[in-house]
Amino acid sequence: MKAEHMNSTNLREKPFYLTDDQLRWVENTLASLTPEKKVGQLFCVMGQDYGADELKTLVEDYSIGGILFRPAPADDIRAWYEPLDAAARIPLLKAANLEEGGTGALSDGTFFGWPMAVAATDDLSVMEKFAKVCALEGESVGINWTFSPVCDLDLNYRNPITNVRTCGSDLERVKSFCSQYVRTLQALGMAACAKHYPGDGVDFRDQHLHPTYNSLSAKEWYESYGAIYQQLIEDGLMSVMVGHIVQPNVAMDINPDLRFEDCLPGSLSRELLTGVLREKFGFNGVITTDATIMSGFTQAMPRREAIPTAIMAGCDMLVFTTGFYEDYQYMLDALKSGFLTEERLNEALMRTLALKARVAGNIPCEAWDATRRGNIPHEEIFPEAKQWQAECADKCVTLVKNNQDVLPLTPERFPLIRLVTLGKDEITEGCMAAPGDARYTIESSMTAIAEELLQAAGFQTERFDIEQEELHGTRDLPKNRLTLYLANCEHASNQTAVRLFWAKKHALDVPRHVEEEPYIFVSFSNPYHLQDVPRVKTYINAYSCHRPMIEAVIDKLLGKSTFKGTSPVDAFCGLPDARL
């Protein structure tokens, strides 16, 4: 390794700030690796894709760099990592998607709420608490690298995947809340990986299904998405995840010879990775692809070319594979042919090893504080999680629209509440801060919880049944009934829209008689349902579906608590009739 190349990576400076011991470990480790082991370090695999023995082989013989297990019980995750840690000559990056709380890593963690719920509080102290929940619950099972925060701007309400995973559409709010998350989480010893550079949320399509586009002009991009990443880099962000999202105007600004049809997704674009992130923004941390199993990656070029192209363009790691041994061989072939240069491979490895020196707990160096890691039961180190979850819920619930005189609800005025459920009713509650509280550890029902709370307040309730409903006029509508819609239509990859789909039976579940009977619509996920119920007169966004959020909504409907949330997005979707 040439000394001048070592200096060019500035591992003593931001974001790694390596000590002499740590730098020495990086240099010695890199020098000891064969080309085959170097190539192995480029891969972060999905743990559940392999059996225990094969996964141990990937760690021991192929020297893979990282592993992500999908959320599972904390004890299981610890048990899965224990033999892998023992087999790993180089400590592993242990990844998770800590986007919504500890449940991004462990199924019995705390579902704090989606980032848009946190942003709706308009209170950075809530984001600080959210980041602590993510970091400490993740670290309790050994996680040291999180693919968060989501730094996208939710500019297109039709986008099916960004949605409540973002902090909204307002630049300053997204920038400040993501900055707070990164600074808090990394101060606790975990590496943040901001995503999805160059920025999702402009296109109405999903990069899981094909390459999508961030179509802002270069000037608009630098002043929005670019400004967010520059702020996070200034904050010391350790890593960036790059989406399979094309930003043609920025790419062509960097390379005027580039044609629109030749512009590649960010994960394969030298212009966006080396030209902007490295050279223009001065980012010296780790760059990783988003999952290379996504069609946004696989459709861009033949896989034999794409896998080494991602590294040569500026990525340092590859997340997930369609077939590890095939992708591994593609990288070895590219190294042998000279397409993948030794210099670029070493540079990628130096940054990855530097990240491990900062966050992987068994690096032998004086600076390491072992008390920040390990199998410490979460309830012993973080009893405030349940309280903070409820605080966020109280502060985020947003009364978007209130054009009728029905609030607060009282049994005297509306003794009967009819409940209409849309989307997913089942919710799984997990909160490690309350291990003895069965409420928080069982599968439950959004509608059942709301019904329980309303009945306790003196209301009678009935559930809407499409099979019993028939077309009818309005003369005999009950005068003492209010219809409460509970919607939980979640964002998800591999779907093309998050919309309300009404019953085939004459759409009898639609709020039909808005001028003749009272309706209240509450969304516990997608904040844009006014596009489908524009004439509903009272509309509320709650952004996340868990028991404390349902409790907060019911309290506010009954006047026990005020609505405090401020909408992070245009919940009216730019539609004038939605305000009527």
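Use the structure listed above.
The notes below deal with the structure included here. What you are looking at is a predicted structure, and each value in this text was computed from that prediction instead of being measured.

So, the sheet that holds strand E3 (residues 93–96)
Right, so step 1: Strand order in the closed barrel made by the eight strands is E1-E2-E3-E4-E5-E7-E9-E10, with parallel pairing throughout.
Right, so step 2: Bridging between E3 and strand E4 (residues 145–146) involves two bridges; their strand directions are parallel. Counterpart to alanine 96 in the pairing with E4 is threonine 146.

Things to note about the side chain of asparagine 541
Right, so step 1: Structurally, asparagine 541 is set in strand E18 (residues 538–541).
Right, so step 2: In this structure the side chain of asparagine 541 is engaged in a polar contact, spanning 2.9 Å, whose partner is the side chain of tyrosine 539.
Right, so step 3: Excluding anything up to four places from it in sequence, asparagine 541 contacts Cys396, Val397, Thr398, Val400, Ser523, Asn526, Pro527 and Ala571.

Notes on the nonpolar core
Right, so step 1: The biggest cluster of nonpolar side chains holds 131 residues, and the ones touching the most others in it are Ile67, Trp145, Phe147, Tyr197, Trp221, Leu277 and Leu355.
Right, so step 2: At nine residues, helix H16 (residues 342–359) tops the list of elements feeding residues into this core.
Right, so step 3: The contacts of leucine 277, once residues within four sequence positions are left out, are Tyr197, Ile233, Val240, Leu272, Gly282, Phe283 and Ile287.
Right, so step 4: Met116, Tyr543, Val553 and Val569 belong to the second-largest nonpolar core, a separate cluster that totals 43 residues.

Re the side chain of lysine 401
Right, so step 1: Among the secondary structure elements, lysine 401 is positioned in strand E11 (residues 398–402).
Right, so step 2: Buried lysine 401, no salt bridge; nearest opposite-charge side chain is aspartate 577, N-O distance 7.9 Å.
Right, so step 3: A distance of 2.7 Å separates the side chain of lysine 401 from the backbone oxygen of proline 534, its partner in a polar contact.
Right, so step 4: From its side chain, lysine 401 meets the backbone oxygen of valine 536 in a polar contact 2.8 Å long.

Description of unusual backbone geometry
Right, so step 1: The amide bond that connects lysine 14 to the next residue, proline 15, takes the cis arrangement and shows omega of 5 degrees.
Right, so step 2: Within the fold, proline 15 resides in the loop between helix H1 (3–8) and helix H2 (20–32).
Right, so step 3: With omega at 10 degrees, the peptide bond leading from lysine 195 into histidine 196 counts as cis.
Right, so step 4: Note on placement: histidine 196 falls in strand E5 (residues 191–197).
Right, so step 5: One non-glycine residue, aspartate 122, lies in positive phi territory at about 55 degrees.
Right, so step 6: Phi is positive for cysteine 573, close to 60 degrees, though the residue is something other than glycine.

Scoring rules and cut-offs
Residues numbered from 1 in each chain as written. Predicted model: local features only at pLDDT ≥ 70, side-chain atom pairs only at ≥ 80, totals over all residues. Heavy atoms only, no water. Pairing = 2+ DSSP bridges. Helix = DSSP H or I, 4+ residues; strand = E, 2+ residues; numbered from the N terminus. Polar contact = N/O pair within 3.5 Å; in protein donor to acceptor, adjacent residues only side chain to side chain. Contact = heavy atoms within 4.5 Å. Core = buried A, V, L, I, M, F, W, Y, C linked by side-chain atoms within 4.5 Å. Buried < 20%, exposed > 50% of the residue type's maximum accessible area, 1.4 Å probe, protein only. Lys, Arg positive; Asp, Glu negative; His and termini not counted. Salt bridge = Lys/Arg side-chain N within 4 Å of Asp/Glu carboxyl O.

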